[in-house]
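# Geometric and topological summary
Residue-level listing of the chains:
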Amino acid sequence: MFDAVSFNSLFFSQLFILAAAHFFALASPGPDLAVVVKQSIRYGKRNAIITSIGIGSAILVHVAYSAVGIGLLIKNSPLLFDILKYACAAYLAFIGYKSLRVKASEPEQFNQQVRAEEQSGRKAFGLGFITNVLNPKATLFFLSIFSVVVSHDTPSLWLGTYAIYLSLATMTWFCFVSLVLSKAAVRNKFLTMGHYFDWVMGVVLIGLAIKVAFSSL
């Protein structure tokens, strides 16, 4: 009985460390946050939440390859890591470029343009999922934390628990951000600036793309 309690307490302690490290990782600015902010302001609560769910779902991919050891291959292969980071940089730069191409317009014209675009739920989910999956910051975080905290003999049940928790915690955080930024007063304030906001976000995303491109193992 004592052994069983000690055995489970070990994995609870692993979960606690993962949760604490994950909290600070979520709080730091990065591509995921930039994309959720852009979605919240431009397309509103629904699409921002769907994007947040996409980001949280991508966490399962990181946990999976970290758990089965594929992550070590990425960590030990500069070529694979470079492919990942350049793909992410190109994707972020593309989103940023599209934002910079938004033309100047009056606030009402901008609002009409946003309503006319009607971004689909599939696109919103894909935006979040791909942004996180290709994010080398997320890759390095999970490789580092799993190699230090999670032991090779951790049962599959506990690995699954870690994965579900980390995924749901990520979704919850970005959904909260989405709800705050999508409030009518906040969103309308940003939308009055219309194209200016898109231009700023375009610069931010391209800046993140450059930062990612020059990141290293």
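Read on for an overview of the structure. (Residues numbered from 1 in each chain as written. Predicted model: local features only at pLDDT ≥ 70, side-chain atom pairs only at ≥ 80, totals over all residues. Heavy atoms only, no water.)

### Details of the overall build of the protein chain
The test is simple: Strands here are runs of E lasting at least two residues and helices are runs of H or I lasting at least four, both read from the DSSP assignment and numbered beginning at the N terminus. Buried means the residue's accessible area, taken with a 1.4 Å probe over protein chains only, is under 20% of the maximum for its type, while exposed means over 50%, and partly exposed covers the values in between. Accessible surface is estimated by sampling points in the Shrake-Rupley manner with a 1.4 Å probe; for residues, cover comes only from the protein chains shown.
What the protein chain contains, in helices and strands, is 11 helices and zero strands. Counting from the amino terminus, the protein chain carries its helices and strands in the arrangement α-α-α-α-α-α-α-α-α-α-α. For the protein chain, buried positions account for 46% of its 217 residues. As presented, the protein chain carries roughly 11,600 Å² of accessible surface, and 71% of it is formed by carbon and sulfur atoms.

### A short note on the environment of K45
What counts, and what does not: Contacts are assigned to residue pairs with any non-hydrogen atoms lying within 4.5 Å of each other.
Here K45 shows up in helix α3 (residues 45–68). Look at K45 and you get partly exposed, because its relative accessible area is 47%. In sequence terms K45 and L179 are 134 residues apart; their C-alpha atoms lie 6.0 Å from each other. Ignoring any residue separated from it by four or fewer positions in sequence, one finds K45 in contact with L179 and S182.

### What about the nonpolar core?
Defined as follows: Each nonpolar core is a collection of buried residues, namely Ala, Val, Leu, Ile, Met, Phe, Trp, Tyr and Cys, held together in the definition by side-chain atoms within 4.5 Å.
Counting residues in each nonpolar core, the largest one holds 21 residues, and the members touching the most others are L92 and L205. Of all the elements in the fold, those that place two or more residues in this core are α2 (31–43), α5 (78–100), α9 (156–181) and α11 (195–213). Ignoring sequence-local partners within four residues, the contact set of L205 consists of A34, V35, K38, L92, I95, G96 and S99. Core analysis: the second largest hydrophobic core is formed by 14 residues, F11, I59, I145 and F146 among them.

### Looking at the packing of aromatic side chains
Aromatic ring pairs are reported here in terms of the distance separating the ring centres and the angle at which the planes meet. Just so we agree on the cut-off: Here the aromatic set is Phe, Tyr and Trp, taking the six-membered ring for Trp, and pairing holds for ring centres within 6.5 Å; pairs whose planes are under 30 degrees apart are stacked, those over 60 apart are edge-to-face, and all others are tilted.
This structure, assessed with the given rule, holds two aromatic pairs. Summarising the aromatic geometry, the rings of W173 and F176 are spaced 6.1 Å apart at their centres and angled 35° between planes, so their arrangement reads as tilted. Residue W173 and its partner F176 are located together in helix α9, separated by three residues, close to a single helical turn. F176 sits in the partly exposed class, given a relative accessible area of 47%.

### With respect to a nonpolar patch on the surface
The condition that has to hold: Residues enter a patch when their relative accessible area is above 30% and they make no salt bridge; the linking distance is 9 Å between like charges and 5 Å between nonpolar side chains (Val, Leu, Ile, Met, Phe, Trp, Tyr). A pairing counts as a salt bridge when a side-chain nitrogen of Lys or Arg comes within 4 Å of a carboxyl oxygen of Asp or Glu.
A surface patch of nonpolar side chains, amounting to about 290 Å² of accessible area, comprises L79, L80 and I83. Here L79 shows up in helix α5. L79 gets classed as exposed once you look at its relative accessible area, which sits at 60%.

### Observations regarding the environment of N47
Quick note on the threshold: A 3.5 Å cut-off defines polar contacts: any pair of N or O atoms within that distance qualifies, except that in protein one atom must be a possible hydrogen donor and the other a possible acceptor, and neighbouring residues in sequence count only when both atoms are side-chain atoms.
Secondary-structure assignment places N47 in helix α3. Excluding residues within four positions of it along the chain, N47 makes contact with Q39, Q119, S120 and A124. A polar atom in the side chain of N47 sits 2.7 Å from the side chain of R46.

### A short note on the packing of α5 against helix α7 (residues 121–133)
Going by this rule: Every angle, taken between N-to-C directions, lies between 0 and 180 degrees, and every axis is a line fitted to C-alpha atoms, over only the stretch in contact when it is a helix. Side-chain classes follow a simple rule in which Ala, Val, Leu, Ile, Met, Phe, Trp, Tyr, Cys and Pro form the nonpolar group, Asp, Glu, Lys and Arg form the charged group, and the remainder, Gly included, forms the polar group.
Interhelical geometry of α5 versus α7 gives an angle of 145° and a closest axis separation of 9 Å. Along its contact with α5, which presents L84, Y91, L92 and I95, the element α7 presents G126, L127, I130, T131 and V133. Its residues placed into classes, the contact of α5 with α7 shows seven nonpolar, two polar and no charged.

### Some words on the packing of α2 against α7
As a reminder of what qualifies: Reported orientations rely on four angle classes, namely roughly parallel under 35 degrees, roughly antiparallel over 145, roughly perpendicular from 65 to 115, and oblique for the rest. Two helices crossing with the near one rotated counterclockwise from the far one by less than a right angle form a left-handed crossing, whereas a clockwise rotation gives a right-handed crossing.
Where α2 contacts α7, the axes come no closer than 9 Å and their chain directions differ by 165°. As the angle between them shows, α2 and α7 are arranged roughly antiparallel. α7 is crossed by α2, and the crossing has right-handed handedness. Side by side, α2 and α7 meet where P31, D32, V35 and Q39 of the first sit next to A124, L127, T131 and N132 of the second. By residue class, the composition of the contact of α2 with α7 is four nonpolar, three polar and one charged.

What is shown is where atoms sit, not what they do.
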